[in-house]
Amino acid sequence: MHHFHYTGQDLHCESVDLAAVAKLYGTPTYVYSAATMTDNFSRLQRNLPGLDVQICYAMKACSNLAVLRHFSNLGAGFDLVSGGELRRVLAAGGNVRASVFAGVGKTEAEIRLGLENGIYAFHVESEPELARINHVAGQMGVRAPIAIRINPDVDAHTHAKITTGKSDNKFGIPLKNAMAAYEAASKLKNLRIRGVQMHIGSQLTEVGPFVEAVKKVSPFVTELKAAYGIEYFSIGGGMGIVYRDALASGQAAWWDAQPADKRPLTPEVYGAALAPLLAPLGVKILLEHGRFMVGNAGVLLARVEHLKRGAGKNFLIVDAAMNDLVRPAMYDSYHEIVPVHRDSSRRALVADVVGPICESGDCFAKDRPLQDVGEGELVAFMSAGAYGHVMASRYNTRGMPAEVLVNGSAFELVNARETFEQMIAGEKIPAFLSIADSGVRKPDR
Ligand code: LLP
């Protein structure tokens, strides 16, 4: 469920008319709903009753400072993956002591930054990494809290680029080698074994793979608790969201109408299946969801530049491009595209929805049925809150898009659109390229 809906003919985020946002801040602009994030967070927490749960929001999904502050206010820690993300947590006033540091290639400087700021644990992916963390902690005269990431070899049935829990992925240590890795860690005197972690993939729409992975790793958690007194088990993130019927899925009625065997995963189903498996372990449970927390809480607003009617094909050219939202180009992902002003008297249109970037991959949707919209009108790309702005780039020297946070009837710009001057601020032309020194003769005029 989410808080994007039509009031009359106009698409709103909570009580804010999205046309008003576009008028003030231009397009392309990401718009986030604070109430939707709150709902997602609370539903997750509420549905694992009786467990000691810490939600570590996977901030890679959307790391705007305002979003981090909002989750921090709700009680979240963070799953972070770089020194940059750690500094964002600090800048947002978030709690590093309730946060975990993941990633297969943490640098010495990043490990130091984590230790200086009291990170709850490092999630370790390999034996060489154990040695590196031990080394840095030794230099600092501290003990580094760690958990080893187990690769449970479970098929998450998701997109190949975002599945992580199979043995042929680069992530984690196979279960059969895991005890040896913990033994090795226990011999490194600057490490403190704190927990165990796994994450099997992203955009999972069924609970089965989560159940399979938890069942597979649980006996090992019990062994680790006995051997090393571990205090937590992180079961990762990965809960999927609705992309195809994104707008309709904001309403409870849509969920009620889904046949039981077709209903996408919800926190209720997730909690009901997992809580009974996790409770007997008697350890704290960490959750690292990213997409579920913010995916349906954000849209990308764009304006139509032209409707180009071709022979047998229409192209709706909008002012957002693959640099603003790369998921369709990168993963062939589907984002529902809806008009900001709905008008049922308009005829329908079938078009490829494309951006202005000079390559064919800059395509958001092929042969998409849409309401006929013309130059200057607004559209919204739904379910764009996760892995949207964070994956944006400056390709074609297009500035990073703006971000706006809505809260009830209030809204505020939380990241200004990047200017041309900001884009080129770090660049310079070296002296040896000055025309006088380079030996390049100016062409005769
Ligand atoms: N924990 C770990 C260790 C992860 O690697 C990830 C995501 C998460 C948690 C959060 O997963 P989530 O709850 O968001 O599914 N850019 C891709 C998704 C990449 C996910 C990478 N790891 C996309 O746009 O679909």
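Provided above is the structure to which this section pertains.
The structure presented is a predicted model; accordingly, all values stated were derived computationally and were not measured.

Calculation rules
- Residues numbered from 1 in each chain as written.
- Predicted model: local features only at pLDDT ≥ 70, side-chain atom pairs only at ≥ 80, totals over all residues.
- Heavy atoms only, no water.
- Helix = DSSP H or I, 4+ residues; strand = E, 2+ residues; numbered from the N terminus.
- Lys, Arg positive; Asp, Glu negative; His and termini not counted.
- Charge placed at Lys NZ, Arg CZ, Asp CG, Glu CD.
- Pairing = 2+ DSSP bridges.
- Near = heavy atom within 4 Å.
- Polar contact = N/O pair within 3.5 Å; in protein donor to acceptor, adjacent residues only side chain to side chain.
- Areas by Shrake-Rupley, 256 points an atom, 1.4 Å probe, with all protein chains shown as cover.
- Nonpolar A, V, L, I, M, F, W, Y, C, P; charged D, E, K, R; others polar.
- 1 Å grid on protein atoms, 1.4 Å probe; cavity = no way out; pocket = protein on both sides within 12 Å on 5 of 7 lines; lining within 4 Å.
- Points joined across faces, edges and corners; volume = space filled by probe spheres on them.
- Expected span 1.5 Å × (residues − 1).
- Buried < 20%, exposed > 50% of the residue type's maximum accessible area, 1.4 Å probe, protein only.
- Arc of directions from axis to C-beta.
- Contact = heavy atoms within 4.5 Å.
- Salt bridge = Lys/Arg side-chain N within 4 Å of Asp/Glu carboxyl O.
- Phe/Tyr/Trp six-rings, centres within 6.5 Å; stacked < 30°, edge-to-face > 60°.
- Core = buried A, V, L, I, M, F, W, Y, C linked by side-chain atoms within 4.5 Å.
- Right-handed = clockwise from strand over helix to strand, strands pointing away.

Asks: What is the right way to read the overall build of the protein from this model?
Replies: A tally of helices and strands in the protein yields 13 helices and 21 strands. Once the C-alpha set of the protein is aligned to its principal axes, its extents read approximately 70 × 70 × 40 Å. Computing the positive centroid from 46 side-chain charges and the negative centroid from 46, the protein places the two 4 Å apart.

Asks: I tried to follow the sheet that holds strand S2 (residues 10-13) on my own but got confused; where do I start?
Replies: Note: strands within a sheet are paired through backbone hydrogen bonds, in either parallel or antiparallel orientation. Overall, antiparallel pairing links the three strands, which are arranged S1-S2-S3 in an open sheet. Each having just a single partner strand, strand S1 (4-7) and strand S3 (16-17) make up the two edges of the open sheet. Of the pairings in the sheet, the one linking S1 to S2 comprises four bridges and is antiparallel in character. When the bridges of S2 are listed, Phe4 appears paired with Cys13.

Asks: Is there a simple way to explain the site of the ligand in this structure?
Replies: In the vicinity of the ligand, 19 residues are found, and the nearest of them are Ser202, Glu288, Arg291, Arg327 and Tyr387. Between the ligand and Asp79 there is a distance of 3.3 Å, counted from a nitrogen atom to a side-chain nitrogen or oxygen. Taking Glu288, its side chain carries an N or O atom lying 2.8 Å from a nitrogen atom of the ligand. Burial of the ligand by the surrounding chains reaches 91%, relative to a free accessible area of 580 Å². Its residues assigned to classes, the shell around the ligand comprises five nonpolar, eight polar and six charged.

Asks: Any chance you could explain empty space enclosed by the protein here in plain terms?
Replies: Over the atoms, a rolled probe matching the size of one water molecule traces out where space is still vacant. Here the structure, examined in full by the defined rule, presents four cavities of 30 Å³ or more. By volume, the largest cavity is sized at about 160 Å³. If you trace the largest cavity, you find 18 residues lining it, with Gly240, Ile241, Val242, Trp255 and Asn296 closest to the centre. For the lining of the largest cavity, a count of residues per class yields nine nonpolar, eight polar and one charged.

Asks: Before we go on, may I ask you to explain helix H6 (residues 127-140) in this structure?
Replies: Residues lying three or four places apart along an α-helix face the same way, a consequence of the helix completing one turn every 3.6 residues. With 14 residues, H6 ought to run about 20 Å at 1.5 Å a step, and its terminal C-alpha atoms sit 20 Å apart, in line with that. Considered for burial, the residues of H6 that qualify are Glu129, Leu130, Ile133, Asn134, Val136 and Ala137. Projection of H6 onto a plane perpendicular to its axis shows the buried side chains occupying an angular sector of 165 degrees, all on one side. Turned more than 90 degrees away from the buried face of H6, the exposed residues are Pro128 and Gln139. Against helix H5 (108-116), strand S8 (121-124), strand S9 (144-151), helix H7 (175-186) and strand S11 (191-197) lie the buried residues of H6.

Asks: How should the pattern of salt bridges be read in this particular structure?
Replies: As a working rule, side chains carrying opposite charge can pair if their charged atoms are close by. Enumeration over the complete set of coordinates arrives at 16 salt bridges. In this structure, Asp79 engages Lys60 in a salt bridge whose closest nitrogen and oxygen atoms are separated by 3.6 Å. Highlighted residues: Asp79 in strand S6 (residues 77-80) and Lys60 in the loop between strand S5 (53-58) and helix H3 (65-74), separated in sequence by 19 residues. Here the salt bridges share partners, and the residues they tie into one network are Lys313, Asp352, Lys366 and Asp367.

Asks: For this particular structure, what's the right way to read the packing of aromatic side chains?
Replies: If you walk through the whole model with that rule in mind, you get twelve aromatic pairs. For the pair Phe41 and Phe71, a centre-to-centre distance of 6.3 Å together with 35 degrees between the ring planes defines the contact as tilted. In this pair, Phe41 sits in helix H2 (residues 34-46) while Phe71 sits in helix H3, placing the two residues 30 residues apart along the sequence. Taking 5.1 Å as the distance between ring centres and 85 degrees as the angle between the ring planes, the aromatic pair formed by Phe210 and Tyr270 counts as edge-to-face.

Asks: Would you mind going over the nonpolar core with me for this structure?
Replies: Most often, soluble globular proteins have nonpolar side chains that are buried together. In terms of nonpolar packing, the biggest core is built from 102 residues, with Tyr57 and Phe233 touching the most fellow members. When residues in this core are grouped by element, the largest group, eight residues, is from helix H8 (residues 208-228). Not counting residues within four places of it along the chain, the set of residues in contact with Phe233 comprises Val196, Met198, Val217, Val221, Leu278, Leu281, Val283, Lys284, Ile285 and Leu286. By size, the runner-up hydrophobic cluster in this structure holds 20 residues, among which are Tyr6, Val16, Val299 and Val340.

Asks: Sorry if this is basic, but what is going on with the pairing of S8 here?
Replies: Note on strand geometry: in a regular strand, side chains alternate between the two faces of the sheet. Burial along S8 is two-sided: the face carrying Ala121 and His123 and the face carrying Phe122 and Val124 are both buried. In terms of strand pairing, strand S7 (residues 100-101) meets S8 through two bridges, oriented parallel. Residue pairing for S8: Val100 is matched across the bridge by Ala121. Between the parallel elements S7 and S8, the chain passes through H5 in a crossover that is right-handed. Here S8 pairs with S9 via three bridges, running parallel.

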